[in-house]
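What follows is the residue order along each chain.
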Amino acid sequence: MSEIARVCPYLHGQTGPARGEQHSLAGELYAHWQSSTPAAGVHYWRARSWGMLMWQPAYASVLAVHCAHRALDLQHFWQTASAGVTQAWSLPADAVISEAGTPLITQAAQSLLRYHQQHYQQLVQLSRYSAKQAACMSVDCVLSALLLAARHCNWSADQLDEQTYLWLDALQWQQHGKLMQVQLPSGACVPALNRQGCCQHFRLPGAEACSTCPRWPMATRLEKISFELEPTDDVLNTC
């Protein structure tokens, strides 16, 4: 797990005894956001809970493949949450797989898809949430993790495109997310997430949509993203 933590310090993972399957996390997260942000409404509670459910397993799965050359079996993936935020996780040691018979991306994607489906069923028992939006949010997490892996591994634009295709093909979610090139004020081009899912952050009192939100017109989104990215980071090509 140390390889993952070096690439993404926010991912505090460890191996330990199997703790079974986590059946109550969706309910705990939803109850927290419902009680702590009553004015934001049900659309926000669902999306916020789902984002918290999926970001750690998605990032851990992608970074384990590309930075540790392992696939994670998420059956006993256990997340710790505090104040509605998932911020640590654990897996039994035998859930870290390095089998050569099946490509690591295939193994990891299949496990992540099972995790997604299991926890989606838990959330929709509490509140009806669009299956398409849930898939888009999960894909956005996968692609964000791939952008992080690309920086760490110094991939070319072609390598990033290839790995993106392999993950989305393995997940069978090709229509639920993609990357794009953003031109910075310096003239350089960098890869960025072409976000498809909406976290509903704008529903919080006094908040506006995130810079990457698909609710913005594309021209506005590109302008906002370009000014947030450092000109010297991730320069893979020119537009």
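Residues numbered from 1 in each chain as written. Predicted model: local features only at pLDDT ≥ 70, side-chain atom pairs only at ≥ 80, totals over all residues. Heavy atoms only, no water.

- If you check an unreviewed UniProt entry, the protein appears there as Siderophore ferric iron reductase from Chitinibacter mangrovi.

1. Things to note about the side chain of Ser 144
1) Next: As for its placement among the helices and strands, Ser 144 is situated in helix α5 (residues 131–153).
2) Next: For Ser 144, a relative accessible area of 17% translates into the label buried.
3) Next: Within the structure, Ser 144 has its side chain in polar contact with the backbone oxygen of Asp 140 (distance 2.8 Å).
4) Next: Ignoring sequence-local partners within four residues, the contact set of Ser 144 consists of Tyr 59 and Leu 193. (Helix = DSSP H or I, 4+ residues; strand = E, 2+ residues; numbered from the N terminus. Buried < 20%, exposed > 50% of the residue type's maximum accessible area, 1.4 Å probe, protein only. Polar contact = N/O pair within 3.5 Å; in protein donor to acceptor, adjacent residues only side chain to side chain. Contact = heavy atoms within 4.5 Å.)

2. Re the state of the cysteines
1) Next: For the structure shown, the criterion picks out zero disulfides.
2) Next: There is no disulfide at Cys 153, and the cysteine sulfur nearest it, in Cys 67, is 4.6 Å away.
3) Next: Residue classification places Cys 153 among the partly exposed residues on the basis of a relative accessible area of 29%.
4) Next: Free of any disulfide, Cys 213 has its nearest cysteine sulfur in Cys 198, 3.9 Å distant.
5) Next: In this structure Cys 213 comes out as buried when scored by relative accessible area, which is 5%. (Disulfide = S-S within 2.5 Å.)

3. Side note on the nonpolar core
1) Next: Counting residues in each nonpolar core, the largest one holds 66 residues, and the members touching the most others are Trp 50, Leu 63 and Trp 167.
2) Next: Every element with two or more residues in this core is listed here: α1 (2–7), α2 (25–36), α3 (42–68), β2 (71–72), β4 (85–91), α4 (104–124), α5 and α6 (157–171).
3) Next: It is α3 that provides the largest number of residues to this core, a total of 16 residues.
4) Next: Sequence-distant contacts of Trp 167, that is, excluding residues within four places in its chain, are made with Ser 61, Val 62, Val 65, His 66, Ile 105, Ala 108, Ala 109, Val 142 and Leu 146.
5) Next: Formed by six residues, the second largest nonpolar core is a distinct cluster that contains Val 182, Val 190, Ala 192 and Ile 225. (Core = buried A, V, L, I, M, F, W, Y, C linked by side-chain atoms within 4.5 Å.)

4. Section: the side chain of Thr 212
1) Next: By the element assignment, Thr 212 lies in the loop between β7 (188–194) and α7 (218–228).
2) Next: By relative accessible area, Thr 212 is classed as buried at 17%.
3) Next: Polar side-chain contacts of Thr 212 include one of 2.8 Å to the side chain of Arg 195.
4) Next: In this view, Thr 212 contacts Arg 195, Arg 221 and Ile 225; residues no more than four positions away in its chain are not counted.

5. With respect to the UniProt feature "domain: Ferric siderophore reductase C-terminal" (unreviewed entry) in the protein
1) Next: Mapped onto the present numbering, the UniProt feature "domain: Ferric siderophore reductase C-terminal" (unreviewed entry) falls on residues 195–215.
2) Next: The span residues 195–215 shows a helical share of 0% and a strand share of 0%, and its end C-alpha atoms are spaced 10 Å apart. (UniProt positions renumbered as here; feature names shortened; annotations may be inferred.)

6. Observations regarding the pattern of salt bridges
1) Next: By the definition in use, this model includes two salt bridges.
2) Next: With a closest N to O distance of 3.8 Å, Arg 195 and Asp 140 form a salt bridge. Residue Arg 195 is found in the loop between β7 and α7, and its partner Asp 140 is found in helix α5; the two are separated by 55 residues along the sequence.
3) Next: Here Arg 195 falls in the partly exposed class, since its relative accessible area comes to 24%.
4) Next: In this structure, Glu 208 engages Lys 224 in a salt bridge whose closest nitrogen and oxygen atoms are separated by 3.7 Å. Taken together, the positions of Glu 208 in the loop between β7 and α7 and Lys 224 in helix α7 put the pair 16 residues apart, joining distant regions of the chain.
5) Next: The exposure class of Lys 224 is partly exposed, given its relative accessible area of 27%. (Salt bridge = Lys/Arg side-chain N within 4 Å of Asp/Glu carboxyl O.)

7. Observations concerning α3
1) Next: A rise of 1.5 Å per residue sets the reference length of α3, with its 27 residues, at 39 Å; its end C-alpha atoms lie 38 Å apart and thus fit the reference within 8%.
2) Next: Taking burial as the measure, the 27 residues of α3 include 24 buried ones, the bulk of the element.
3) Next: Immediately downstream of α3, the backbone of His 69 shows phi near 55°, a positive value. (Expected span 1.5 Å × (residues − 1).)

8. Observations regarding the packing of aromatic side chains
1) Next: Within the structure shown, the criterion is met by seven aromatic pairs.
2) Next: Taking 5.7 Å as the distance between ring centres and 75° as the angle between the ring planes, the aromatic pair formed by Trp 55 and Tyr 59 counts as edge-to-face. Of this pair, Trp 55 and Tyr 59 both sit in helix α3, separated by four residues, roughly a single helical turn.
3) Next: On the accessibility criterion, Trp 55 (17% relative accessible area) is buried.
4) Next: By relative accessible area, Tyr 59 is classed as buried at 16%.
5) Next: With centroids separated by 5.1 Å and ring planes inclined at 20°, the aromatic side chains of Phe 77 and Trp 89 adopt a geometry described as stacked. With Phe 77 in the loop between β2 and β3 (78–82) and Trp 89 in strand β4, this residue pair connects regions lying twelve residues apart in the sequence. (Phe/Tyr/Trp six-rings, centres within 6.5 Å; stacked < 30°, edge-to-face > 60°.)

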